[in-house]
Amino acid sequence: MELLAQLTRLAGPRWIEIEATALEHNLRAVKGLLQPSTRLLAVIKADAYGAGAVEAARIFLAAGAEYLGVTTLAEGRELRQAGITAPILLMSPLLPEELPSAIEQDLTLTVSSRSGAEAVGAAAAMAGRQARVHLKVETGLQRTGLEPAEVVPLAREMLAWPGVAVEGLYSHLAEAARPAAARRQLECFMRVLQELAAQQITIPFKHICNSTGLLLHPEMHLDLVRAGTLLYGQFPYQAPRRGLTLKDPWRFKTRILFIHEVGPGTPVGYGGDYIVKKATRLAVIPVGYADGFALTPVSRPKNLSDLARYLVKTVLAYLGRGGGEGTAAYVAGQRAPVVGRVGMQLSIIDVGHMAGVKVGQVIELDLRRPTAGSRLPRVYCRAGRPYLMRTTAGEWLAVVRPDRQNFVPQAGI
Ligand SMILES: *Cc1c(COP(=O)(O)O)cnc(C)c1O
């Protein structure tokens, strides 16, 4: 069967394509910025920033990542169930009820408090297995972490606990782009490291850099860096590029379901608040806000220039000049505006200015990555050729006969 028909039969008329060679390129490019002694932890939390965690993890490990990082127990478990044996750091404290499962799956735990440490010690003793932990230090984010003064006494105590291996010590930057604040956090972290060294306490992995930190502070790469954003092909806001070139692995595609003609003055969509100016053709696509399409997170403006930016954007959007995500589709590379309100699962685009647009035609859309619906299929490609798909139901299907493009359930996932 033809590839597009096969894909649509299995995935439905919308999917996200992830180009494996772009992820590999980005990982190698980031590694190229590190000293040979610095390890790379690939952050694949939030379903690999929307890319699909299991396959992204495999690609990063094969390309040279030494550690993986996730936030929740369920994310760690998904990777273990897929047969991934590499070390995985859970970058958040867990509740005591979650600890036995995490230890059984050999996930590296984050300890952010003395009581958390004691719970891990007790759970490890119950399980009769060793728990690997990284201590997290509070240096300024005020999310989770030990107070700096707590670290040395607790670390010294924990080194004597039989069931616990203190493998790492880390902190997280609140706003790596604000140099003075980041500098204070880095200094605070360094003071803790110096105290440990003075007490001859050795902890193998000391780490503080995320993507922004690793670009801004090469001197702070230490034993390990935790990179997410860069691996997925995006530069963090206001960070230097350090000669890095990144590739975008991400394409969101859908197929036109329906086309019809409308005359001038026709109100379109819910509320009828879009009025057609001159006769045109509208195309309907099976994509809406339930998929994360056209959603823009708005945080409260923090100062006057934030507020001014927000007002300008809102006024431009009102005038139909907004260039933001979810405002346009691309049909054979040409821009087609999204008109009317975006629905829960259907949207309307104006294709009146384009010749030869047909039902079934593939079009591309912008979609904010971490908010992309988890039930949108992910189609992994290599040099543009699909080889693996995660369906709406979460099942991974692999292409076993590239000549026939036949997808079959992949064993071990
Ligand atoms: C998300 C996260 C990272 C990665 O951040 P990027 O800016 O995407 O590189 C690193 N460390 C922790 C603790 C995180 O939660």
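This write-up is about the structure you can find in this document. Here the residue numbers are simple positions, counted from 1 along each chain's written sequence. Per-residue local features of the predicted model are confined to residues with pLDDT of at least 70, and side-chain atom pairs are confined, for both listing and counting, to 80 or more; whole-chain, interface and lining totals are unaffected and use all residues. To get the side-chain values, take all heavy atoms of the structure and skip hydrogens and water.

Moving on, we get to the pattern of salt bridges. Here, a salt bridge means any side-chain nitrogen of Lys or Arg that lies within 4 Å of a carboxyl oxygen of Asp or Glu. The tally for this structure, following the rule as stated, stands at 17 salt bridges. Notably, a salt bridge pairs Glu 219 with Arg 183, separated by 3.2 Å at the nearest N-O pair. A residue pair is termed long-range when its members are at least 10 positions apart, and Glu 219 in the loop between helix H10 (211-216) and strand E9 (224-227) and Arg 183 in helix H9 (residues 179-198) qualify at 36 residues. Residue class for Glu 219 comes out partly exposed when judged on its relative accessible area of 47%. Where Asp 273 meets Arg 341, a salt bridge forms, and the shortest distance between an N and an O atom there is 3.0 Å. Taken together, the residues span a long stretch of sequence, with Asp 273 in the loop between strand E12 (267-268) and strand E13 (274-275) and Arg 341 in the loop between strand E16 (334-339) and strand E17 (347-350) at a distance of 68 residues. Under the scheme applied here, a residue whose accessible area is under 20% of the maximum for its type counts as buried, over 50% as exposed, and between as partly exposed, the area being computed with a 1.4 Å probe on protein chains only. You can call Asp 273 partly exposed: its relative accessible area is 47%. What emerges from the salt-bridge pattern is a single network uniting Asp 106, Arg 132 and Glu 167. Going along the chain from the N terminus, every DSSP run of H or I of four or more residues is numbered as a helix, and every run of E of two or more is numbered as a strand.

Remark: nonpolar core denotes a set of buried residues (Ala, Val, Leu, Ile, Met, Phe, Trp, Tyr, Cys) joined through side-chain atoms within 4.5 Å. Ranked by size, the top nonpolar core spans 110 residues in total, and within it Phe 60, Leu 79, Leu 109, Met 158, Leu 169 and Ile 349 carry the most contacts. Take this core: its biggest share by element is six residues, from helix H4 (residues 53-62). What marks off one domain from the next here is an automatic or database domain assignment. A domain split of this core shows at least three residues from each of domain 1 (20-232) and domain 2 (257-359). Not counting residues up to four positions away in its chain, the partners in contact with Leu 109 are Leu 89, Leu 90, Leu 94, Leu 99, Ala 102, Ile 103, Val 120, Ala 131, Arg 132, Val 133 and His 134. Core analysis: the second largest hydrophobic core is formed by nine residues, Leu 7, Ala 11, Trp 15 and Leu 397 among them. We call two residues in contact when some of their heavy atoms are within 4.5 Å.

A word on the site of the ligand. A cutoff of 4 Å decides nearness: a residue is near a molecule or strand if any of its heavy atoms lies inside that distance of it. Taken together, Val 43, Lys 45, Tyr 49, Met 91, His 172, Asn 210, Ser 211, Arg 226, Ala 227, Gly 228 and Thr 229 are the residues near the ligand. Here a polar contact is taken to be a pair of N or O atoms separated by no more than 3.5 Å, where protein atoms must pair a possible hydrogen donor with a possible acceptor and residues adjacent in sequence count only if both atoms sit in side chains. Within the side chain of Lys 45, one N or O atom sits 2.8 Å away from an oxygen atom of the ligand. Tyr 49 has a polar side-chain atom sitting 2.6 Å from an oxygen atom of the ligand. Surface accessibility follows the Shrake-Rupley procedure with a 1.4 Å probe radius. Residue values consider only the protein chains on display as shielding. For the ligand, whose accessible area on its own is 380 Å², the fraction buried by protein is 90%. Only helix H3 (45-49) and E9 provide two or more residues apiece to the shell around the ligand. Taken together, the residues that form the shell around the ligand break down as four nonpolar, five polar and two charged. Side-chain classes are defined by residue name, with Ala, Val, Leu, Ile, Met, Phe, Trp, Tyr, Cys and Pro counting as nonpolar, Asp, Glu, Lys and Arg as charged, and the others, Gly among them, as polar.

Another aspect to go through is the side chain of Lys 253. Position of Lys 253 relative to the elements: it lies in strand E10 (residues 250-255). Within the structure, Lys 253 has its side chain in polar contact with the side chain of Glu 17 (distance 3.1 Å). Sequence-distant contacts of Lys 253, that is, excluding residues within four places in its chain, are made with Pro 13, Arg 14, Trp 15, Glu 17, Val 362, Ile 363 and Glu 364.

So, on to the pairing of strand E14 (residues 280-285). Judged by how many residues are buried, E14 sits mostly within the fold: six of six residues are covered. Alternating positions in E14 separate into two faces, Thr 280, Leu 282 and Val 284 on one and Arg 281, Ala 283 and Ile 285 on the other, with burial throughout. Strands pair, by our definition, only if DSSP identifies at least two bridges between them. As judged from the four bridges shared by E14 and E17, these two strands associate in the antiparallel manner. Residue pairing for E17: Ala 283 is matched across the bridge by Ile 349.

So, to be careful, I would describe these as geometric facts and stop short of saying anything about function.
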